[in-house]
Amino acid sequence: MSNNKVYNDLIDLLRNWIFGLPESKYLLPLFELRFTPEEAEFLSKIPFLPHTAEDLSDKLETPVVELTKKLDDLAQKGMIFRVEGRSAIRYSLPDSLFLFYRSIGWAGLDDEFNREISPLLNQYYIEAYAKDYLGHPTQGLRTIPINETIQDTRKVMPYEDILKVIDHVEYYTVSTCPCSHRHNTDPDIENCKYDTLKCLHFDRLGRYIVQNGLGKEITKEETLEILKKAANAGLVHGISTTKERIDTICNCCTCCCLFLESAVKMPGIIPRGHQPSNYIREIDEEKCVACGICVTFCPMKALELNDKKVIFDPERCLGCGVCVHKCPQEACYLIHRDEEQDFPKDPREQSSRFLRERGHDPLEIFKKKLLVKKNQKVRIFMGKWNELDKKLNKFLRLATFPIAVKLLKDKEELKAIKFLKKSEKKIALCQIFSYSRYYGWTIGCTMEDNLYPLANIALGFEEPYKLFLEGAFFVGRYNETKEAAKKTTATMPKIPYGKFSAIVSRALNRVEFEPDFIMIWGNSAQIMRIIQGSLWKEGGRITMSTFCDGVCADTIAKAYLTEELQIAFPCLGDRRFGMAKDTDLIASIPFGVVDSIIEGMEKTHKAGTRYPIPYELSTPEFFVKLKKQLDKVKKD
């Protein structure tokens, strides 16, 4: 494969994501300098949505350990975005802005690579990139006013209050401003005159930056001090465009900022820079002495001093508050604009807007460009199970989630389950199911996690030992004699030892794995409807056997062994620890019979057998007679 094809494949992939990559004589040289051919080829196979190394391993045909090292190495170069989530580490391909105009400069390195690539970055931006990047309604940053520049603070939303934004993040970092850095390392452009250590990033993005040596962690107090110094220097606070999950505050100068230098140096491209705030400048004419300080500091050239009077162009105003902050007479202030600005709610909505504004269908892009094959299959499963959940609730009106349950051969497989929670304490298996059916949680359990030994034996996690086989679990508790207890023990359904070592459950409508069973807790009428659905095609009767303890044996083990619908009573543990109600029964539906049962429920529903069972309206004879007597009395 030629080097040009390798680079063009990556260009095409990035071009069809949230930012364009316009053609230019500088484009291919930029890619050749930023990536080796091997890196470009590898990156062109990485999806934009986060995936674990295990997810990517199949697609890239690379062992997980080897793949993880490669991904981590590229993350340190700012070429892969790496996120340490609650349950797993995930990787994704960043957008073109991140790869070229953000991550390169954060570390502030003045080396040969930066001195070589910075002139290309500046030339490509001026000639081509800015026109696409800035030429759409939704921008990468929005202006947020400097603190205490708004006259009436009662209408200020939290996402427009920079102090509240700072209060709601947990992790603070600072990096070199990449815009200033590419100017300072370009010999053909004048250096930035401001402090370059001023780019603030928070939480997930902040942790990525620190973990990969692209910035340093700071305190909340240090963050506020940087903002204060930036405001005093006349810089503009540029913040993530979204209302939620804000991860960036830039302190932007007009000499270097991607947004503001365009407004000043390239006014034909875009007249406003950042997406404006919800505020706009107002002035008290009586206080204004036309000193011209606000004109000097206005980043957008929205103010002009003419015949000792300040002329204001509202079309260019960002609502940044710089003029207010710098005015010695306190003659100007910010007021709320007549129309509320339309900011995306969160990064997902922001990405969808970016795509639509560039002529892409977000759904098609997400489907074709973002998912590895394995996860495309997972998405199909998710859609299937979500639809199944809707049907079950239509026919049964359940009080808790139906849950999906899967048995795992190797407990290491739990690590690949998304959003997995594991209790720090030993718990009973029935508690795991209750967390899933009441709260939707993904809960995993191994023999070491499970407190109730009978469940470990029923699921095959543990080999039945002598004490168990002799009936010690039940004698004197459920059975009078040792012989009776041994009989109970012998008839308990048990999956062969060693076949499985872990189990996981989750609410059916949220599941991302193919379950072995669906378990439903319901009243007798709801379970009756499931039984009726199961008998639609073949007829006959449903039989059940139980000794009313070890519900895991009656539902999971027996369903696995027979591959048939199982009905069971909640056991003492399920009632005491799993929140099963006195009226509950449990249905365990193996994967292989799910479709047949749902079809039967649909057909019997159409035939008029429904839940809740309709009350038959009839006229009580007592009241008929009473009414006749009253009518006669009234008449007499």
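Heads up: the structure comes first, above all this text.
Just so it is clear, the model here is predicted, and its values are computed rather than measured.

A.B. asks: How do you make sense of the side chain of Gln275 when you look at a structure like this?
C.D. replies: Along the polypeptide, Gln275 turns up in the loop between α12 (260–265) and β10 (279–283). The residues contacting Gln275, other than those within four sequence positions of it, are Pro137, Thr138, Gln139, Leu141, Arg142, Thr143, Thr241, Asp342 and Phe343.

A.B. asks: Would you explain the sheet that holds strand β2 (residues 81–84) in this entry?
C.D. replies: Backbone hydrogen bonds are what pair the strands of a sheet, in a parallel or an antiparallel way. Strand order across the open sheet formed by 3 strands is β1-β3-β2, with antiparallel pairing between neighbours. Edge positions in the sheet fall to β1 (51–52) and β2, since each has one partner strand and no second. As defined by bridge partners, β1 adjoins strand β3 (residues 89–92) across 2 bridges and the pair is classed as antiparallel. Paired with Thr52 across the bridge in β3 is Arg90.

A.B. asks: Explain the nonpolar core here, please?
C.D. replies: Considering soluble globular proteins, one finds that nonpolar side chains tend to be buried as a cluster. Counting 95 residues, the largest nonpolar core has Phe31 and Phe35 as its most contacted members. Per element, the largest residue contribution to this core is 9 residues, and it comes from helix α7 (residues 112–133). If we ignore the near neighbours within four places in the chain, the residues touching Phe31 are Tyr7, Leu10, Ile11, Leu14, Leu21 and Phe100.

A.B. asks: Looking at this structure, I do not really get the packing of aromatic side chains. What am I missing?
C.D. replies: Aromatic rings in a pair are described by how distant their centres are and how their planes are angled relative to each other. Inspection of the entire model under this criterion finds 28 aromatic pairs. Between the aromatic rings of Phe19 and Phe354, the centroid separation amounts to 4.9 Å while the plane-to-plane angle is 55 degrees, which identifies the pairing as tilted. Taken as a pair, Phe19 in the loop between α1 (3–15) and α2 (27–34) and Phe354 in helix α15 (residues 347–357) lie far apart in primary sequence, 335 residues in all. Like Phe354, Phe19 is buried. Grouping aromatic residues by their ring pairs yields a cluster made of Phe19, Tyr101, Tyr124, Tyr125, Tyr129, Tyr133, Phe259 and Phe354. Arg142 extends its terminal NZ or CZ atom over the ring of Phe343, reaching a point 4.9 Å from the ring centre. When the ring centre of Phe297 is taken as reference, the NZ or CZ atom of Lys326 above it lies at 4.6 Å.

A.B. asks: What's the story with the side chain of Ser175 in this structure? I'm lost.
C.D. replies: Positionally, Ser175 belongs in strand β5 (residues 172–176). Of the polar contacts made by the side chain of Ser175, one reaches the backbone oxygen of Leu214; its length is 3.2 Å.

A.B. asks: Please clarify how the sheet that holds strand β18 (residues 517–522) should be interpreted in this entry.
C.D. replies: Within the open sheet, the 7 strands sit side by side as β15-β16-β17-β14-β18-β20-β19. Their pairing is mixed. Looking at the sheet topology across the chains shown, the edges are occupied by β15 (420–421) and β19 (566–568). Across 6 bridges, the pairing between strand β14 (residues 403–408) and strand β17 (residues 502–507) is antiparallel. The residue of β17 that forms the bridge with Leu407 is Ile503. Here helix α18 (residues 429–439) sits on the sheet in contact with β14, β16 (442–446), β17 and β18, set at roughly 25 degrees to β17.

Conventions used here
Positions within a chain are numbered from 1, following the residues in the order the chain's sequence is written. Thresholds applied to this predicted model are a pLDDT of at least 70 for local features of residues and 80 or more for the giving and counting of side-chain atom pairs; totals over whole chains, interfaces and linings are not thresholded and use all residues. Where side-chain values are given, they derive from all heavy atoms of the structure, hydrogens and water being excluded. Each helix is a run of H or I in the DSSP string that is no shorter than four residues. Each strand is a run of E no shorter than two, and both are numbered from the N terminus. We call two residues in contact when some of their heavy atoms are within 4.5 Å. Strands were regarded as paired on the criterion that DSSP finds at least two bridges between them. Residues belong to one nonpolar core when they are buried, are Ala, Val, Leu, Ile, Met, Phe, Trp, Tyr or Cys, and are joined through side-chain atoms within 4.5 Å. Any residue under 20% of the maximum accessible area for its type is buried, any over 50% is exposed, and the rest in between are partly exposed; the area is computed with a 1.4 Å probe on protein chains only. Ring pairs are drawn from Phe, Tyr and Trp, using the six-membered ring of Trp, whenever the two centres fall within 6.5 Å, and their geometry is named by plane angle: stacked under 30 degrees, edge-to-face over 60, tilted for the rest. Should the NZ of a Lys or the CZ of an Arg lie within 6 Å of a ring centre and within 35 degrees of the ring normal, that charge is described as sitting over the ring. By the criterion applied in these results, polar contacts are pairs of N or O atoms within 3.5 Å in which, for protein atoms, one can donate a hydrogen and the other can accept it, and in which residues neighboring in sequence qualify only through two side-chain atoms. To get an axis, fit a line to the C-alpha atoms, keeping to the stretch in contact for a helix; angles then go from 0 to 180 degrees between the N-to-C directions.

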